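Chains, contacts and geometry: an overview
Residue strings, one per chain:
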Amino acid sequence: MNLRRIRLVLWALVAVALAGVLALQWAGRRREPSQAAFRPDFALQDAAGRTYGMEDFRGRLALVFFGFTNCPDVCPTTMSEVALVMNDLGSEADKVQPLFISMDPQRDRGQGLSEYLAAFHPAILGLAGDGAATQAAAESFRIHFEREESPAAPDGYTMSHSPGLFLIGPDGEWLRQFPHETPAAEILADIQERI
Amino acid sequence: MKRFAIVLGLAVMLPLAAAAECASVSAGDLTVTGAWSRATIGTARPAVFYVEIRNDGETGDRLTGIDTPVAAMPMLHRTVVKDGVASMPHAEAIDIPAGETVSLAPGGYHGMLMELTAPLAEGETFPVVLRFERAGSVEIDAPVLSIRAQGAECDAAG
Ligand SMILES: [Cu+2]
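Here goes a summary of the coordinates provided. (Residues numbered from 1 in each chain as written. Chains lettered and ligands numbered in written order. Predicted model: local features only at pLDDT ≥ 70, side-chain atom pairs only at ≥ 80, totals over all residues. Heavy atoms only, no water.)

**Comments concerning helix α6 (residues 184-194) of chain A**
Residues and elements named next belong to chain A. When we look at burial in α6, the residues that qualify are Ala184, Ile187, Leu188, Asp190 and Ile191. Looking straight down α6, one finds its buried side chains confined to an arc of 165 degrees; they lie on one side. α6 presents Ala185 and Glu193 as exposed residues on the side facing more than 90 degrees away from its buried surface. Summarising the contacts, the buried residues of α6 are in contact with β3 (61-67), α2 (74-89), β4 (96-102), β8 (165-168) and β9 (174-178). (Buried < 20%, exposed > 50% of the residue type's maximum accessible area, 1.4 Å probe, protein only. Helix = DSSP H or I, 4+ residues; strand = E, 2+ residues; numbered from the N terminus. Arc of directions from axis to C-beta. Contact = heavy atoms within 4.5 Å.)

Here it is in structure tokens:
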């Protein structure tokens, strides 16, 4: 009787564990489509002071990078890749809008963001808002950035940031992230498959 | 026959002429080569310095700093991507283990050239002194490549 009760309790535990695993899997499956369906947005200005949001790029893919121009390693590497992708898209380049969202808007605006980006590719649109709008944009894209005081950086501070490239669909839906150092050819192939 | 030999010789030389061999400087067991940098717009933003260091010796060495007349505040940095966040802390020193080649290259270590004294124009070169713990100071000329450059545009010295 005692043994039987123990066996029953054990079986009950197994059943609970199984139910737990199934529930987790079901929740995991549910989370993915909802994550893929999110629509990040922002309200940020170009060099001329015109305000842009994601709706301005409807019908096109947007390739979005959050960066800062006092960044001589990660940012030029990524912008070079974006430039390669845009060149290799050839006649289909007008179906993709590359965006550089400044996480260091005040300094970047002062030093000439559009001039800097034009040196990589004329199609790259640089956007720099105020601090609150920048924070809101990052939160909307679910990315992290932070100002770090550092004596080893120009002007005594630098930015830590998510270095990936984000691909946004023609309806403004988040499609995917390309991690830092994804080869341009891989990004190009993915984009060409979608257009 | 002699003309054939000359033509053959030229044909062999052609691929070599296409990409010149990287300048290379040796000091003790260390060989420094493949230096390059990216063009800048003006002097407000920091420039970058990349290079390759080979240690053919039996003893490790360390790169402890760099100097260059083009920047008042040159420093060794390392790009670190941790939990999806990139930062570039100061690297106190870079180990050059015995028998190994260490690269300062995009995505890893770099010379961070802050407070530029002049813009870096594509096609120019500028000198950089690398300070090693054991091998002492080694000076190499860094060619300034396009702002879009992704790597040295020369063949690594053999
Ligand atoms: Cu740096």
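**What about the packing of aromatic side chains?**
Residue and element names in this part refer to chain A. Under the counting rule described, the total for this entry stands at nine aromatic pairs over all chains. When the centroid spacing of 6.3 Å and the interplanar angle of 20 degrees are considered together, the rings of Phe42 and Phe141 count as stacked. A residue pair is termed long-range when its members are at least 10 positions apart, and Phe42 in the loop between α1 (2-36) and β1 (44-45) and Phe141 in the loop between α5 (131-140) and β6 (145-149) qualify at 99 residues. Residue class for Phe42 comes out buried when judged on its relative accessible area of 7%. Ring geometry for Phe65 and Phe100: centres 5.8 Å apart, planes at 50 degrees, overall tilted. In this pair, Phe65 sits in strand β3 while Phe100 sits in strand β4, placing the two residues 35 residues apart along the sequence. (Phe/Tyr/Trp six-rings, centres within 6.5 Å; stacked < 30°, edge-to-face > 60°.)

**Quick word on the coordination of the copper ion**
Residues and elements named next belong to chain B. Within the protein, His77 (ND1), Met88 (SD), His110 (NE2) and Met112 (SD) serve as the donor atoms for the copper ion, at 2.1 to 2.4 Å. One can describe the site at the copper ion as tetrahedral: its four donor atoms subtend angles covering 96 to 118 degrees at the metal. His110 gets classed as buried once you look at its relative accessible area, which sits at 0%. (Donors = N, O, S within 2.8 Å, 3.2 Å for Na, K, Ca; no water. Tetrahedral: all angles 85-135°; square planar, octahedral: opposite > 155°, others 65-115°.)

**Concerning the nonpolar core**
By size, the foremost hydrophobic cluster in this structure holds 55 residues, and its most contacted members are A:Phe42, A:Leu63, A:Val64, A:Phe66, A:Phe141 and A:Ile191. With seven residues, the single largest contributor to this core is α2(A). Residues B:Ala35, B:Ala47, B:Leu104 and B:Leu116 belong to the second largest nonpolar core, which totals 31 residues. (Core = buried A, V, L, I, M, F, W, Y, C linked by side-chain atoms within 4.5 Å.)

**Things to note about the pattern of salt bridges**
Counting across every chain of the model gives eleven salt bridges over all chains. Residue A:Glu149 pairs with A:Arg147 through a salt bridge whose shortest N-O separation is 2.8 Å. Among the residues examined, A:Glu149 registers a relative accessible area of 59% and is labelled exposed. The salt bridge partner of B:Arg54 is B:Asp56, with a shortest N-O separation of 3.2 Å. Residues joined in a network through salt bridges with shared partners are A:Asp104, A:Arg107 and A:Asp155. (Salt bridge = Lys/Arg side-chain N within 4 Å of Asp/Glu carboxyl O.)

**Some thoughts on the pairing of strand β10 (residues 109-116) of chain B**
Residue and element names in this part refer to chain B. Counting buried residues along β10, seven of its eight residues qualify, which places the element largely inside the surrounding structure. Two elements, strand β3 (residues 47-55) and β10, share three bridges in a ladder whose sense is antiparallel. Residue Val48 lies in a different strand from β10, and its bridge partner there is Met112. (Pairing = 2+ DSSP bridges.)

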